[in-house]
Amino acid sequence: MNDVAVVGVGLGRFGNRSDVSFREIAFEAASKAFDDAGISPKDIDFTISSIAFPEALTSQSSPAATVVDYLGLVSKGSMRVEAACASGSAAIRAGYSAIKAGLVNTVLILGVEKMNEVSPIEAIECLARASDVQLEYEPYGITFAGFYAMMARMHMSKYGTTEEDLAKVAVKNHKYGAMNEFAHLRKTISIDDVLKSRVVASPLKLYDCSPITDGAACVILSDADNARKITDTPIWLTGLGAAAEEAYFAAKSDLASVNGARQAADLAYKMAKVKPSDIDVAEVHDCFTIAELMAYEDLRFCEKGQGPSMIRDGQTEIGGKLPVNLDGGLKAKGHPIGATGVAMTVEITRQLRGECKNRQAPKAEIGLTHNVGNTGQYCFVHIYSR
Amino acid sequence: MAKVENAENVNAVMVSRCTRCGTLYLPARSNCNHCYSSETVSEPLKSKSGRLLTYTVITAPPKSFEDKSPYTIGIIELDDGHKIEGWIEGIEADRLTVGMRLHLKLKHWPDGRVGFQLLEPD
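Chemist: Got a minute to help me understand the overall build of chain A in this structure?
Modeler: When you go through chain A residue by residue, the secondary structure sums to 15 helices and 11 strands. By the burial criterion, 64% of the 386 residues in chain A qualify as buried. A total accessible area of about 12900 Å² is found for chain A, and carbon and sulfur atoms account for 49% of it. A distance of 3 Å separates the average location of the 40 positive side-chain charges in chain A from that of its 47 negative side-chain charges.

Chemist: Quick question: what am I supposed to make of the nonpolar core here?
Modeler: In summary, soluble globular proteins display a tendency toward joint burial of nonpolar side chains. Residues and elements named next belong to chain A. Of all hydrophobic cores here, the largest spans 87 residues; its most connected members are Y148, Y269, I279, F288, L299 and F301. For this core, the leading source of residues is helix 7 (residues 144-159), giving 10 residues. Setting aside its immediate chain neighbours within four residues, Y148 contacts L204, C287, F288, I290, A291, M294, V372, N374 and T375. With 38 residues, the next largest nonpolar core counts I48, Y96, A98 and I235 among its residues.

Chemist: Help me understand the packing of aromatic side chains, please; the structure alone is not making it clear to me.
Modeler: The way to describe two aromatic rings as a pair is by their centre distance and the angle between their planes. For the coordinates displayed, the defined rule picks out 10 aromatic pairs over all chains. Centre to centre, the rings of F27(A) and Y70(A) are 5.9 Å apart; their planes meet at 80°, and the pair counts as edge-to-face. You can see F27(A) sitting in helix 1 (residues 22-37) and its partner Y70(A) sitting in helix 3 (residues 64-70), a full 43 residues away along the chain. Judged by relative accessible area, F27(A) falls into the partly exposed class, the value being 40%. The interplanar angle of 35° and the centroid separation of 6.2 Å between the aromatic rings of F65(B) and W87(B) together place this pair among those described as tilted. With F65(B) in the loop between strand 4 (49-58) and strand 5 (71-78) and W87(B) in strand 6 (residues 83-88), the pair connects residues that are 22 residues apart, well separated along the chain. Exposure class is identical for F65(B) and W87(B). Each is buried. Aromatic rings pair up to connect Y137(A), F65(B), Y71(B), W87(B) and W109(B) into one cluster. The side chain of R153(A) reaches across the aromatic face of Y55(B), ending 3.7 Å from its centre. The ring of Y25(B) carries R29(B) above its face, with NZ or CZ at 5.0 Å from the centroid.

Chemist: Sorry, what's going on with the pattern of salt bridges here?
Modeler: Where charged atoms from two side chains of opposite charge come close, those side chains can pair. Taken as a whole and judged by the stated rule, the model has 33 salt bridges over all chains. Residue R101(B) pairs with D79(B) through a salt bridge whose shortest N-O separation is 2.8 Å. Placement of R101(B) in strand 7 (residues 101-108) and of D79(B) in the loop between strand 5 and strand 6 is noted, with a sequence separation of 22 residues between them. Judged by relative accessible area, which is 41%, R101(B) ranks as partly exposed. A cluster of three or more residues bridged by salt bridges with shared partners is formed by R17(A), D19(A) and E28(A).

Chemist: Is there a simple way to think about the pairing of strand 7 (residues 214-223) of chain A in this case?
Modeler: The side chains of a regular strand alternate, residue by residue, between the two faces of the sheet. Residues and elements named next belong to chain A. The buried fraction of strand 7 is high, at 10 of 10 residues. Note: strand 1 (residues 4-15) against strand 7, 9 bridges, orientation antiparallel. Opposite A5, over in strand 7, you have S222 as the bridge partner. Taken together, the 8 bridges between strand 4 (residues 106-113) and strand 7 define a ladder with antiparallel strand orientation. When the bridges of strand 7 are listed, L108 appears paired with I220.

Chemist: How should the interface of chain B and chain A be read in this particular structure?
Modeler: Many authors give the size of an interface as the accessible area that is lost as the parts come together. Counting residues at the interface gives 32 residues for chain B and 33 residues for chain A. Across the chain B to chain A interface the summed buried area is about 2800 Å²; carbon plus sulfur atoms make up 59%. The interface formed by chain B and chain A contains 0 salt bridges. On inspection of chain B and its partner chain A, the count reaches 20 residue pairs in polar contact (both at pLDDT 80 or more). Taken together, the residues of the side of chain B that touches chain A sort by class into 19 nonpolar, 7 polar and 6 charged.

Chemist: Before we go on, may I ask you to explain the state of the cysteines in this structure?
Modeler: Residues and elements named next belong to chain B. Evaluated as defined, the whole model comprises 0 disulfides over all chains. Looking at the unpaired C21, the closest cysteine sulfur is the one in C32, lying at 3.6 Å. Overall, C21 belongs to the partly exposed group, its relative accessible area being 37%. Note on C35: no disulfide assigned, nearest cysteine sulfur contributed by C18 at a separation of 3.5 Å. Of the residues examined, C35 reaches a relative accessible area of 22% and is grouped as partly exposed.

Calculation notes
Counting starts from 1 at the beginning of each chain's written sequence and moves along it residue by residue. Chain letters start at A and ligand numbers start at 1, both assigned in the order the entries are written. In keeping with the predicted nature of the model, local features appear solely for residues at pLDDT of at least 70, side-chain atom pairs appear and are counted solely at 80 or more, and the whole-chain, interface and lining totals rest on all residues. Side-chain measures were taken over the full set of non-hydrogen atoms in the model, leaving aside hydrogen atoms and water. The way it works is that DSSP assigns letters per residue, a run of H or I at least four long becomes a helix, a run of E at least two long becomes a strand, and they are numbered from the N terminus. Only protein chains enter the accessibility calculation, which uses a 1.4 Å probe; a residue whose area is less than 20% of its type maximum is buried, one above 50% is exposed, and one in between is partly exposed. Note that accessible areas follow from Shrake-Rupley with a 1.4 Å probe, and for residues the cover is restricted to the protein chains shown. Residues counted as positive are Lys and Arg, residues counted as negative are Asp and Glu, and His and the chain ends are not counted. Charged side chains are reduced to one point each, which is NZ for Lys, CZ for Arg, CG for Asp and CD for Glu. Put simply, a nonpolar core is a bunch of buried Ala, Val, Leu, Ile, Met, Phe, Trp, Tyr and Cys residues held in one set by side-chain atoms that sit within 4.5 Å of each other. Any pair of residues with heavy atoms lying within 4.5 Å of one another is described as a contacting pair. Aromatic pairing here means that ring centres of Phe, Tyr or Trp (its six-membered ring) are within 6.5 Å. Orientation follows from the plane angle: under 30 degrees is stacked, over 60 is edge-to-face, and everything else is tilted. Two conditions define a charge located above a ring, namely a distance within 6 Å from the ring centre to NZ of Lys or CZ of Arg, and an angle within 35 degrees of the ring normal. Salt bridges are defined by distance alone: a side-chain nitrogen of Lys or Arg within 4 Å of a carboxyl oxygen of Asp or Glu. In this analysis, strands are considered paired if DSSP registers two or more bridges between them. Two parts placed together each lose some accessible area under a 1.4 Å probe, and the buried area is that loss summed for both. Distance and chemistry together define a polar contact, namely a pair of N or O atoms within 3.5 Å, with one atom able to donate a hydrogen and the other to accept it when in protein, and with adjacent residues in sequence counting only for side-chain atoms on both sides. When residues are sorted by character, Ala, Val, Leu, Ile, Met, Phe, Trp, Tyr, Cys and Pro go into the nonpolar class, Asp, Glu, Lys and Arg into the charged class, and all the rest, Gly among them, into the polar class. Disulfides are defined as pairs of cysteine sulfur atoms found within 2.5 Å of each other.

See below:
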C-alpha cells in the first residue's frame, strides 16, 4: 500500500490582515509550501481547499475556484471541504484518502479564512450559527464561548478545576506565540491579565478565548515514491481517526469532555500502532482554554479530571513530559477557522523535522494533531512520524 | 420547521414517541432515527423539573442577540434523565448554583420562535 507523507508546508501570516485579499493570503501560504517542497504547481494532481464559512464571512460564495485559479492550479481537479473548525483536518483526511486509493500522487491542501471582513459581533454570530440554528441558536443565542463556558463550569464542578488553571493555558500558549513570527498575538501575558480580562461567557474571559484571525496554511501530501524524490525529510501520516458527537449540545454523554475526540484518538493510536505515551509533541484544539485541558484528558495523556495538574506541573511546556501547542495554539497563533487544522499539520511537520529553534520540542519523533469542529460534532486526530 | 418540532409546542412542552419502536424524543421530532419510522406521536412532557447541571452568563452576544445581553443559558437534567438547554430567567447570576432545582416551561418569542425557559419552582 502507498504510504502518505507531508512533503511541503507553508503559512500565510496570521493576524488582522486587511493588507491582503483572500487569494493573496492563500498565495503567501502556497508559495512558501512550494518553496519548501522544491516543486511547482505542475507537480500537483489535485487541490483540496478548507474554507469553513466564506458565505457568511466574505461576500464570495465558493471561493475555492477563484483561489485555485490565482494559484495557477486550474488544469487539475479541485474541491472544498467543510467540517466547521476541523475543516483543515477533514481536508488532510480527504487528501490522504485520494492518495491511498491511488487516484492521485500529489495533493495540495489549502486552508484559508478571512474573519475580519465582518465586524467581531457579526463573526461571533456566523460561528454561533454552526450550532443547531433551530434548537440552539434562534431560541437562545448561545455562542461557542457559551458552549465551552458550560463545559468549563461542568469541569470545575466535577473535578475542582479553577479559573487560574484555565489562565495557565493562556499564559503558556502566549509564551510560545510570542516566539512565533506567524502568530496573531505575539505578546506574553500573566495569570492576572487573564483573570482581569472582561467576562465573555462566565466563567470564560476574553483571554480564555482564541482571537478572530485571518490566516492561511498549506500542506503538500504525496505518495511514498514521490515523497522520497521530493524531500529527504518526509513526515509520514501514520494514523487517522475521525468521530462525531450528538449535534444537540445538552445530549453529549459527558459535558466535561469531548467524547468524539476521545474516540478519534483511540482510532488514530490503533492505526499508527502507538500509545499516548509515545507522543513527543502535540497540537491540540485550544479554541478556549478549557478545550486544551479536556484535550489532554481525551487524548489519554492523563486521566479524566487530571488535565489541570498537567498544566500546573508544566508537563505540557518544553522540558515537560509532552509539549503542547508550541506555536502558540489557537489561543495566541490565532484561529482562522478553515486554516486551523492545516496550520496544525504545518507545525507538527516542522517540529518533527527539528526546524523550530527556540520553541523546538526535544527529540520529537512522533507528533499528533487534535482538531475539533463545533463542540465535538467533527473530531479528527492525526499521528505523524519521521 | 417540522410540525412536531415547533407547532405542537404551543401550549405545553411536548415529547414525541415513535409508535413503532417506542423511542422517546425531547426535543420532539417527526422522524425516528432508531427504526426510521415517521409514525411519531406527541404527548405532553410529564417530568418538568430537574437540577441545573451547568450554566453561563453571555456578555459577548452575537449580532442578533445584542439587545438581550447579558443573558443566562443553562442545562437542566430532568428527573426522567433528559438533558435540555434553556434560557434561565428570573434568577440573578449570583444566586445560581450547580445542582439547584429548576423547572422547565415554554418560552415564546414575539416573532414566533419557541424555546425553553428554566425557572425556579413556584
